[in-house]
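Residue-level structure breakdown
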Amino acid sequence: MSGVRRQSGKGSRFYRIMNKVSTLPRTNIMSATPDGAQSLRRAASLLRTLSSRGANGWRLIDLALETGLNHGTVHRMLSCLVQERLVIQVPGSRRYSLGPMAYELGLAAAPHFALERLAASNLSKLSADCRSVVFMNLRSGFDSVCMARHAGSNALKAYTVEVGTRRPLSVSAGGVAILISLPRGEQAAIEAANLQSIGSRDKARQRAVRQMLHRSRQVGYALNLEDIIPGVVAIGMPIRGTSGVPVASISLAAPAATLDELRRTALLQRLREEARRIEGMLEPLRL
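Rules behind the numbers
Residues numbered from 1 in each chain as written. Predicted model: local features only at pLDDT ≥ 70, side-chain atom pairs only at ≥ 80, totals over all residues. Heavy atoms only, no water. Helix = DSSP H or I, 4+ residues; strand = E, 2+ residues; numbered from the N terminus. Buried < 20%, exposed > 50% of the residue type's maximum accessible area, 1.4 Å probe, protein only. Contact = heavy atoms within 4.5 Å. Phe/Tyr/Trp six-rings, centres within 6.5 Å; stacked < 30°, edge-to-face > 60°. Lys NZ or Arg CZ within 6 Å of the ring centre and 35° of its normal. Salt bridge = Lys/Arg side-chain N within 4 Å of Asp/Glu carboxyl O. Axes fitted to C-alpha atoms, helices over the stretch in contact; angles between N-to-C directions. Parallel < 35°, antiparallel > 145°, perpendicular 65-115°, else oblique. Nonpolar A, V, L, I, M, F, W, Y, C, P; charged D, E, K, R; others polar. Pairing = 2+ DSSP bridges.

**Considerations on the overall build of the protein chain**
- Helices and strands together make up the secondary structure of the protein chain, namely 13 helices and 9 strands.
- By the burial criterion, 45% of the 287 residues in the protein chain qualify as buried.
- Across the protein chain, every contact between residues at least 6 apart in sequence was considered, and the portion connecting residues at least 24 apart equals 54%.

**So, the packing of aromatic side chains**
- In this structure the tally under the stated criterion is 0 aromatic pairs.
- One Lys or Arg, Arg-53, reaches over the ring of Trp-58 and ends 3.7 Å from the middle of that ring.

**Here's the deal with the pattern of salt bridges**
- In total, this model carries 12 salt bridges according to the counting rule given.
- Between Arg-85 and Glu-104 there is a salt bridge whose closest N-O contact spans 2.7 Å. Separated by 19 residues along the polypeptide, Arg-85 in the loop between helix 6 (71-83) and strand 2 (87-89) and Glu-104 in helix 7 (residues 100-113) bring together distant segments of the chain.
- Note on Glu-104: relative accessible area 34%, which makes it partly exposed.
- We note a salt bridge from Arg-166 to Asp-143, for which the minimum N-O separation is 3.2 Å.

**What to know about the packing of helix 4 (residues 35-51) against helix 6**
- Contact geometry for helix 4 and helix 6: axes closest at 11 Å, N-to-C directions at 80°. It follows from the interaxial angle that helix 4 and helix 6 lie roughly perpendicular. Each of Ser-39, Arg-42, Ala-43, Leu-46, Leu-47 and Leu-50 in helix 4 lies in contact with helix 6, whose residues at this interface are Thr-73, Val-74, Met-77, Leu-78 and Leu-81.
- Tallied by class, the residues present in the contact of helix 4 with helix 6 amount to 8 nonpolar, 2 polar and 1 charged.

**Quick word on the sheet that holds strand 1 (residues 58-59)**
- Taken together, 3 strands build an open sheet; the order of strands is 1-3-2 and the sheet is antiparallel. At either end of the open sheet lies a strand with only one pairing partner, and these are strand 1 and strand 2.
- For strand 1 and strand 3 (residues 95-98), the ladder comprises 2 bridges, and the chain directions are antiparallel. Residue pairing across strands places Trp-58 opposite Tyr-96, the latter belonging to strand 3.

**A look at unusual backbone geometry**
- Notably, Arg-131 is not glycine yet its phi reads approximately 50°, a positive angle.
- Mapped onto the elements of the fold, Arg-131 is located in the loop between helix 9 (120-130) and strand 4 (133-140).
- Unlike most non-glycine residues, Glu-226 shows phi in positive territory, near 60°.
- Locating Glu-226 in the fold gives a position in the loop between strand 7 (222-225) and strand 8 (232-240).
- For Glu-226, a relative accessible area of 39% puts it in the partly exposed group.

**Description of the pairing of strand 8**
- Burial analysis of strand 8 places 8 of its 9 residues in the buried class, which makes it a mostly covered element.
- One ladder, built from 4 bridges, connects strand 7 with strand 8; its direction is antiparallel. Along strand 8, the bridge assignment pairs Leu-225 with Val-233.
- Connecting strand 7 to the antiparallel partner strand 8 that follows it, the hairpin turn spans 6 residues, and Glu-226 within it adopts a positive phi of roughly 60°.

Structure follows, in structure tokens:
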């Protein structure tokens, strides 16, 4: 472990490089690419941001702040994306969200990537047997996307994560299960970017994320002990692709009062077994 700390610690060359890169304005990073590629990257960034707040949508000014693009650029891009039906303006508001074309493209891609369809019966049974909310998350760069949610007999009303929700890998048990299974250098880069994205707005959340990551690395699996939502405990395991790299995860969440250490140990074994079964379903997919 000492070698790991030297590699990713604050005094390391890797940390200094990543810290320098992560503090650059996003527009500066994008400006190094040719105009056509730059426009595509900006559009992709805008669509990715829109997907992270599906229900209520985004105001134009908030999109500009979140993506690091100027107001005029965002306005022009949104107008074009609306024309292409990739984005819509939420009726009766000045907010924007993903449009019908995004859904249609997803339908075309689903046969190659929809692991949640193949694993639906497994996830439903796991949720019912464990009396917990079960999630499947897909890795998407530095983020995770909720692919499936099975509530079983436990609604967990405090847990607002729905299918399609995009969040940084570091802020959920499902995301952390993926993150801590990656090479340490990659972990350090993702953790730094994730903490930067939430730290300036919410120092308490940043501390909670650090605490959950530290604990999870110690025990070897994702372990959220009321770090993100008071009263909610969660555990998670990675789902590895054919190359051994984690591409997704399954996790379960329950009220803290019903998920003590003894029960977590039993459920962790069940979660691990289910992850291995789902890995056997990956071969026909392109994950």
